There are 2 protein chains.
Amino acid sequence: MYNPDPMNWFDSIISPTLILNKERCLKNIRQMAEKAKEANACFRPHFKTHQSAIVGEWFRPFGVSAITVSSVSMAKYFSKNGWKDITIAFPVNIREIHAINDLAKSIHLELLAESVDSIRFLGENLKAQVGIWLKADVGANRTGIPVDDHHSFLSLAREINSIKKSDFKGILTHAGQTYHSDSVEGVKQIYRDATAKLQSLRESLHRAGFKEVKISWGDTPSCSLVEDLRGVNEIRPGNFVLYDYSQLHIGSGQEDNIAAAVACPVVAIHPDREEIVIHGGAIHLSKESLERNNMCTYGQVALPATTGWGKLLPGGYVKSLSQEHGILSLPKKNLADIHIGDLVVIVPIHSCLTVNLFKRFITLDGEIIPTMQMEPP
Amino acid sequence: MYNPDPMNWFDSIISPTLILNKERCLKNIRQMAEKAKEANACFRPHFKTHQSAIVGEWFRPFGVSAITVSSVSMAKYFSKNGWKDITIAFPVNIREIHAINDLAKSIHLELLAESVDSIRFLGENLKAQVGIWLKADVGANRTGIPVDDHHSFLSLAREINSIKKSDFKGILTHAGQTYHSDSVEGVKQIYRDATAKLQSLRESLHRAGFKEVKISWGDTPSCSLVEDLRGVNEIRPGNFVLYDYSQLHIGSGQEDNIAAAVACPVVAIHPDREEIVIHGGAIHLSKESLERNNMCTYGQVALPATTGWGKLLPGGYVKSLSQEHGILSLPKKNLADIHIGDLVVIVPIHSCLTVNLFKRFITLDGEIIPTMQMEPP
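Residues numbered from 1 in each chain as written. Chains lettered and ligands numbered in written order. Predicted model: local features only at pLDDT ≥ 70, side-chain atom pairs only at ≥ 80, totals over all residues. Heavy atoms only, no water.

Asker: Help me understand the pairing of strand E1 (residues 17–20) of chain A, please; the structure alone is not making it clear to me.
Answerer: Working note: regular strand, side chains alternate between the two faces of the sheet. All names here are of chain A. Here E1 shows a buried face lined by Thr-17 and Ile-19 and a second buried face lined by Leu-18 and Leu-20. Alignment of E1 against strand E21 (residues 360–363), held across 2 bridges, turns out to be parallel. By the bridge assignment for E21, Leu-20 is matched with Thr-363. (Buried < 20%, exposed > 50% of the residue type's maximum accessible area, 1.4 Å probe, protein only. Helix = DSSP H or I, 4+ residues; strand = E, 2+ residues; numbered from the N terminus. Pairing = 2+ DSSP bridges.)

This is the structure:
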């Protein structure tokens, strides 16, 4: 039964708590920075995963000075925290033009466009110089112009060049389909196919007189798995800073890369159905799920350890989530050692969404690391 | 193209914004309060849906003085905001005993237990009087003691009575299986079956000498659909204050009951695949989904209107969500009228999870209504 020991750090945790293994996080940053350097690619990490000014600072010793974000509000947060070169890798939301102009006056800002309407609106409303990328769809079918539609790229690149306050940067893509790949080789194949098409598009642009055309590439699975990233000029992975169970499932991260998880108190035990109930629900973990062996999991289960949490318990998983409850399915042999008031640690399916639900991380040293969720809206 | 009109309230919305139709919300509160009164049941609404001190005040004119919450932190927030009678309808998290004692010293607090371990821990650690309910599982298979296991209830009720600082309140349940019912009649049948079993359990407790044994009943579908709630002593619905697409799907709420939705800017249009892309993703809507006609929807689509949003667009739905992007599938005829920079309004699948992702509502009068997410952690 819960009887707190002041010397035991875990005993100070009383409700769902986002734990950060800083050592793993730093290792993840170093590995990706080295990979970018080997490929002579600009490392412009996506900060939407950690959303934290303090974690952001951990990138600077690796020479990182340019970052990626997913919204204007995130760009404002990181610009306030000393970042002077930011790409908002999201199709420009023209309703935010005033905030965009404010940012563009004080930092080097890069935007993303994919339609003539957005570009013309920027042309009429920009008050300071920005870089504009064209978004290419290389198969994710989310946003962007199909990469094979060279005609549209040429015409939009000309639109961008006709605007006084903008520089055409090049082609940016996010091969989100790597998340649905069923093998490591599949991820690499997506990279090879897509970069071949992007390079062909760049040649078309070169032939049409566009001299400097960069290729900016995103997504953690391919940036983690492809050995040689020389086919692109810039990489923008985000999730790699923490990884998660999705990345482990794809094969892009190993268990000891996973740097964030949620410690949750056990509030009920149901041995008859081999389940326990934790305080830790959809508002802590998000309802991101993964199909695995015909079962749907909302997170994987570990026990507290000096590294934050130990190995994932084979056969254990988060079976369902309501607002604050999590139902965990656990093998009988694990159930025997778990009591009301104990902590279990849930490795999230998608760390970006889980982090977004907390206002701070706590490191294994007890350091509190606020995120931008701590800020007023 | 976006050209803001200072007289048009919607034009002031520049990023994903949680809109509240206050008139509908007040109507929902009044209807449920009247229903509780007719049944002579205590109306103890669950405040986990709106999470807002201001919305909470709207209940007082209907005689509401007792509320339900889902966590100790939510109990602290509402007790700070003047609520003096609070049930934490979640299996007691014994690691929070200090905060529980602080609350119990200043307000009338009711807790939920389902195991002898929790009850004994409370017996040894409570510093002020609380009420304790036993949680019954009437078929949701989430938490609680199976309602037919009278023996366990008798033994746990005796444990509760053996504690100095507690009063045994009765049996509390949440028939969460109503959310999976495929018909209105199915929801009513769940209520009839479950209340018959709860009353039989109460008779067993009466025979064993427990005099006052109340039955506390939750869940919006049954509280909305069952005409006569006299079978229970207390109702604790939460979602009814806003309703959502899930409730519409079940039949427990009508379209004009839905009181909250998210206005989202259009950032890309893909007529070829009959899709638009909005700024509005999993971090705004949550990844709650609903299977409907073999399609998975993450929200339904409407256009701005004087009531906040108009009728749901037939055939339109949120097809997928990433962190900040929403992909909407829309019939061709609707696409023709939608432009980059327009707003669309997304009616959430599960309003509780959507509200939790924002720090405030905005009413149609432009009033800002903060939620507890605005508070520091």
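Asker: What is the right way to look at the environment of Ala-113 of chain A in this model?
Answerer: All names here are of chain A. Inspection of the secondary structure assignment puts Ala-113 in strand E5 (residues 108–113). A relative accessible area of 1% places Ala-113 in the buried class. It is 9.2 Å that separates the C-alpha atoms of Ala-113 and Ile-160, two residues lying 47 residues apart in sequence. Ala-113 has contacts with Ile-119, Ile-132, Trp-133, Leu-134 and Lys-135, leaving out every residue within four places of it along the chain. (Contact = heavy atoms within 4.5 Å.)

Asker: Would you mind showing me how to read the packing of aromatic side chains here?
Answerer: For the coordinates displayed, the defined rule picks out 20 aromatic pairs over all chains. Aromatic pair Phe-47 of chain A and Phe-59 of chain A: ring centres 5.0 Å apart, planes at 45 degrees, arrangement tilted. In this pair, Phe-47 of chain A is assigned in the loop between strand E2 (42–43) and helix H2 (53–57) and Phe-59 of chain A in the loop between H2 and strand E3 (67–69), connecting sequence segments 12 residues apart. A relative accessible area of 1% means that Phe-59 of chain A is categorised as buried. Consider the rings of Phe-168 of chain B and Phe-210 of chain B, whose centres lie 5.6 Å apart with planes at 75 degrees: the pair is edge-to-face. Taken together, the residues Phe-168 of chain B in strand E8 (residues 166–173) and Phe-210 of chain B in the loop between helix H7 (184–207) and strand E9 (214–217) connect sequence positions 42 residues apart. Exposure remark for Phe-210 of chain B: the relative accessible area of 8% places this residue in the buried category. Pairwise contacts between aromatic rings join Phe-43, Phe-47, Phe-59, Tyr-77, Phe-78, Trp-83 and Phe-240 of chain A into one cluster. (Phe/Tyr/Trp six-rings, centres within 6.5 Å; stacked < 30°, edge-to-face > 60°.)

Asker: Any chance you could explain the pairing of strand E1 (residues 17–20) of chain B here in plain terms?
Answerer: Two elements, E1 of chain B and strand E11 (residues 260–270) of chain B, share 4 bridges in a ladder whose sense is antiparallel. The partner of Thr-17 of chain B across the bridge, within E11 of chain B, is Ala-263 of chain B.

Asker: Mind showing me how you'd approach the relation of the copies chain A and chain B here?
Answerer: For these two chain copies, the linking operation is a rotation about an axis paired with a shift along it. The transform that puts chain A on chain B rotates by 180 degrees and translates by 0.0 Å along the axis, for an RMSD of 0.0 Å. A rotation of that kind, with that shift, is consistent with a two-fold axis. Across chain A, the rotation axis passes nearest the C-alpha of Lys-287 of chain A, at a separation of 2.6 Å. Taken as a fraction of all interface residues of chain A, those also at the interface in chain B reach 100%, which identifies the copy contact as same-surface. (Least-squares fit on C-alpha atoms with pLDDT ≥ 70 in both.)

Asker: Help me understand the pattern of salt bridges, please; the structure alone is not making it clear to me.
Answerer: Should their charged atoms come close, side chains of opposite charge can pair. Inspection of the entire model under this criterion finds 38 salt bridges over all chains. The shortest N-O distance in the salt bridge between Lys-311 of chain B and Glu-255 of chain B comes to 3.8 Å. Placement of Lys-311 of chain B in the loop between strand E17 (308–309) and strand E18 (317–321) and of Glu-255 of chain B in the loop between helix H9 (245–250) and E11 is noted, with a sequence separation of 56 residues between them. Using a relative accessible area of 23% as the deciding quantity, one classes Glu-255 of chain B as partly exposed. What emerges from the salt-bridge pattern is a single network uniting Arg-44, Asp-85, Glu-110, Lys-169 and Glu-234 of chain A. (Salt bridge = Lys/Arg side-chain N within 4 Å of Asp/Glu carboxyl O.)

Asker: How should the side chain of Thr-354 of chain B be read in this particular structure?
Answerer: Residue and element names in this part refer to chain B. Looking at the secondary structure, you find Thr-354 in helix H12 (residues 351–356). For Thr-354, a relative accessible area of 1% gives the class buried. When neighbours within four sequence positions are excluded, Thr-354 is seen to be in contact with Leu-18, Val-262, His-284, Leu-285 and Pro-348.

Asker: Can you help me understand unusual backbone geometry in this one?
Answerer: It is generally the case that most residues other than glycine have a negative phi and that most peptide bonds are trans. Residue and element names in this part refer to chain B. Here Asn-40, not a glycine, exhibits a phi torsion of approximately 55 degrees, which is positive. Mapped onto the secondary structure, Asn-40 falls in the loop between helix H1 (22–38) and strand E2 (42–43). Judged by its relative accessible area of 71%, Asn-40 falls in the exposed class.

Asker: What should I look at first to understand the packing of helix H6 (residues 150–161) of chain A against helix H7 (residues 184–207) of chain A in this one?
Answerer: A pair of packed helices is captured by two measures, namely the crossing angle of their axes and the spacing between those axes. All names here are of chain A. At a minimum axis separation of 10 Å, H6 and H7 run at an interaxial angle of 50 degrees. Considering the angle they form, H6 stands oblique to H7. As for how H6 packs across H7, the hand of that crossing is right-handed. Each of His-150, Phe-153, Leu-154 and Ala-157 in H6 lies in contact with H7, whose residues at this interface are Ser-200, Leu-201, Ser-204 and Leu-205. (Axes fitted to C-alpha atoms, helices over the stretch in contact; angles between N-to-C directions. Parallel < 35°, antiparallel > 145°, perpendicular 65-115°, else oblique. Left-handed = near helix turned anticlockwise from the far one by under 90°.)

Asker: So what exactly am I meant to see when it comes to the interface of chain A and chain B here?
Answerer: How big an interface is tends to be reported as the loss of accessible area on association of its parts. If you look at the interface, chain A gives 61 residues, while chain B gives 61 residues. For the pair chain A and chain B, the summed buried surface comes to about 5200 Å²; carbon and sulfur atoms form 59% of the total. On the chain A side of the contact with chain B, Arg-95, Arg-142 and Gln-323 of chain A bury the most area, a combined 17% of that side's loss. Counting across the interface, chain A meets chain B through 6 salt bridges. As a salt-bridge pair, Asp-137 of chain B and Arg-273 of chain A come within 3.8 Å of each other at their nearest N and O atoms. At the surface where chain A touches chain B, the tally comes to 27 residue pairs in polar contact (both at pLDDT 80 or more). Breaking the side of chain A that touches chain B down by element, the ones donating at least two residues are strand E4 (85–91), helix H5 (116–125), strand E11 (260–270), strand E12 (275–279), helix H10 (282–285), strand E19 (325–329) and helix H12 (351–356) of chain A. In terms of residue class, the side of chain A that touches chain B is made up of 26 nonpolar, 18 polar and 17 charged. (Buried area = accessible area lost by both parts, 1.4 Å probe. Polar contact = N/O pair within 3.5 Å; in protein donor to acceptor, adjacent residues only side chain to side chain. Nonpolar A, V, L, I, M, F, W, Y, C, P; charged D, E, K, R; others polar.)

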